[in-house]
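# Analysis of the macromolecular model
Here is what each chain is made of, one letter per residue.
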Amino acid sequence: QVYLTLGLNQSEVDVYFTGPAFLAWNRMGNLRGWAGPLPPAWHLKQLYLQYRIVERMRSLGMTTVLPAFAGHVPQGVLRVFPHVNATRLGGWSHFDCTYSCIYLLDPEDPMFQVIGTLFLKELIKEFGTDHVYSADTFNEMPPLSSDPAYLSRVSNAVFKSMVGADPEAVWLMQGWLFQHQPDFWQPAQVRALLHGVPLGRMIVLDLFAESKPVYQWTESFYGQPFIWCMLHNFGGNHGLFGTVEAINHGPFAARRFPNSTMVGTGLVPEGIEQNDMNDMVYELMNELGWCPEPLNLTSWVTRYAERRYGTPNAAAAGAWRLLLRSVYNCTGVCVNHNRSPLVHRPSLHMDTELWYNASDVYEAWRLLLSAGAELGSSTTFRYDLVDVTRQAAQQLVGDYYLSIRRAFQSHALPELLTASGVLVYDLLPELDNLLSSHSLFLLGRWLESARAMATSDREAEQYELNARNQVTLWGPSGNILDYANKQLGGMVLDYYGVRWSLFVSALVESLNSGTPFHQDQFNQAVFQVERGFVYNKKRYPAVPAGDTLEISRKLFLKYYP
């Protein structure tokens, strides 16, 4: 509305916004146009959804946060206001200027205040306000200058545009940039940006505090209040993961920090609802906000297992204690990005390292299966059985990959054929069967929920492409390939399975013909497979098939080490 009011035409707005699956990165100035444009119906449906969210939050006494203007503008602004001072930012991540290099309005240009205030006034007119606004001008985008005076002027201008619409405005800012580009954000730069806003009128999210806390090296954000946040998940990947020791002690240490300005705890996963079993970590994090000191985690998780299944069960509690000390206890700097060979483009240099003892997961799998007779009617239990079996299968894929690589490197064709035969023709299809037995692990459900947002067939196609691209290529050419990988029934067979099959064939061909394996040639061939999956329009069932307990037991009998 604001851009059209200012004189831009619809096509100038259309080439700016990305498709729905990539909007978060559009709002932070990283991407433009990719997988767009947004249909008019999208805006309308989002508007009504926002009404409902805002109303629901306020009815529960929650404080809503509205997005403010961070300074990123469509190129059309330069046509309408040719004298405006705007700079083109560089490309973001692995994107070139086709879909990146967004224009940033100079915060000292008068138009910055005009657009910023106009936008917030529109928002407040539409939704009312609780006086907290978010804006991230430099998320993974280095500023044009590291001069502290410039950085202070920038943050001051962003804040001023908020106050122009709401004199009581408080700015909520992600602190991700400080730990993401520490070479740029030295103490002087951090202090300058934070002190461009009056103390107490900004709240910083220490976004990745469980692994890379920023408050410790910034004297508690130089006096600005902050929230100790657990990020936990990147890309919405599947995979059991947690940093329970770090979250059990971190918030308490932050409270005791000299002149601490910590005002609360937060959950900021990049992908929500990625994994119901990891709920344990979120439950724990939320509970800690009410605790005077760290918990005894072993007894906590034993009680948690009982709450989770509705009845005490020794085997299930034992399984959870094993998971607590293994997958859920990553220590040091832990970045939860699923690096398993299962969900990445095959090569001869894949990472199979685990931060835990693999046998703990196999044993937890055995214990959970043994509890099946007693707990099998619990929906939560059935979900967990899929997830632990999936984790065990993911580990097994890593083992078979190592066997394949060893066989190839020692030119042992029979061993290569055996290991790859088991992986491609049995383990991956069985894993796909397992995932297909539970509604929450279905590719069909993921795609149908995207299509359900549409008001026409054309929109449905666009939304489905968004949903498929996000979990695979993440961009037109695999720009952030497999960043948001998922383990879903249908996808394991038709995406990961086909890639592995192609890889194994290339290795066998190489040994047979005595020519070296060329990763570059393979990448070109496999890209066609990946792209084909995004565009093939194949329908996938949105209803589960098969008995989870039976399939897990079958896998167990075959593969338990």
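Here the structure is a predicted model, which is why all the values come from computation and not from measurement. (Residues numbered from 1 in each chain as written. Predicted model: local features only at pLDDT ≥ 70, side-chain atom pairs only at ≥ 80, totals over all residues. Heavy atoms only, no water.)

### As for the UniProt feature "domain: Alpha-N-acetylglucosaminidase tim-barrel" (unreviewed entry) in the protein chain
Here is the rule we go by: UniProt positions are given in the numbering used here, feature names are shortened, and annotations may be inferred rather than shown by experiment. Only DSSP runs of H or I covering at least 4 residues are called helices, and only runs of E covering at least 2 are called strands; the numbering of each starts at the N terminus.
Here, the residues flagged by UniProt with the feature "domain: Alpha-N-acetylglucosaminidase tim-barrel" (unreviewed entry) are residues 1-290. The span residues 1-290 carries 39% helix and 12% strand; its end-to-end C-alpha distance comes to 43 Å.

### Observations regarding unusual backbone geometry
Both trends apply: most residues other than glycine have a negative phi, and most peptide bonds are in trans. The residue after Gly36, namely Pro37, is reached through a cis peptide bond having omega -5 degrees. In this structure, Pro37 sits in the loop between α3 (23-27) and α4 (40-59). Positive phi is not limited to glycine here, since Glu140 has a value of about 60 degrees. Structurally, Glu140 can be placed in the loop between β5 (132-134) and α7 (148-163).

### Description of the sheet that holds strand β4 (residues 103-105)
To keep things clear, this is the line we draw: At least two bridges found by DSSP between two strands are what make those strands a pair.
Strand order in the open sheet made by the 3 strands is β2-β4-β3, with antiparallel pairing throughout. Unpaired on one side and paired on the other, β2 (72-73) and β3 (86-88) mark the two borders of the sheet. Sheet topology places β2 next to β4; 2 bridges connect them, and they run antiparallel. Considered in β4, the bridge of Val73 is made with Tyr103.

### Description of the packing of aromatic side chains
Convention followed: Between rings of Phe, Tyr and Trp, where Trp is taken as its six-membered ring, a pair exists when centres lie within 6.5 Å; planes separated by under 30 degrees are stacked, by over 60 edge-to-face, and by other angles tilted. Under the scheme applied here, a residue whose accessible area is under 20% of the maximum for its type counts as buried, over 50% as exposed, and between as partly exposed, the area being computed with a 1.4 Å probe on protein chains only. Lysine NZ or arginine CZ positioned within 6 Å of the ring centre and within 35 degrees of the ring normal marks a charge as sitting over the ring.
Taken as a whole and assessed by the stated rule, the structure comprises 40 aromatic pairs. Relative to Phe522, the ring of Phe503 has its centre 5.5 Å away and its plane inclined at 65 degrees; by these criteria the two rings are edge-to-face. Highlighted residues: Phe503 in helix α21 (residues 491-513) and Phe522 in helix α22 (residues 519-535), separated in sequence by 19 residues. Classification of Phe503 by relative accessible area gives buried; the value is 0%. Each residue in the set Phe22, Trp25, Trp34, Trp92, Phe95, Tyr99, Trp474 and Tyr483 is aromatic and connected to the rest through ring pairs, giving one cluster. One Lys or Arg, Arg468, reaches over the ring of Phe533 and ends 5.3 Å from the middle of that ring.

### Focus on the nonpolar core
Put simply, the rule reads: We define the nonpolar core as a collection of buried residues of types Ala, Val, Leu, Ile, Met, Phe, Trp, Tyr and Cys that are connected through side-chain atoms lying within 4.5 Å of one another. A contact between two residues is defined here by any heavy atoms of the two lying within 4.5 Å.
Judged by nonpolar contacts, the single largest core of 167 residues is most densely connected at Met162, Phe178, Trp228, Met280 and Tyr328. In terms of residue count, the dominant contributor to this core is helix α17 (residues 379-409) (13 residues). Beyond its immediate chain neighbours, meaning those up to four positions away, Phe178 contacts Met173, Trp185, Val190, Leu193, Leu194, Val214, Trp217 and Phe221.

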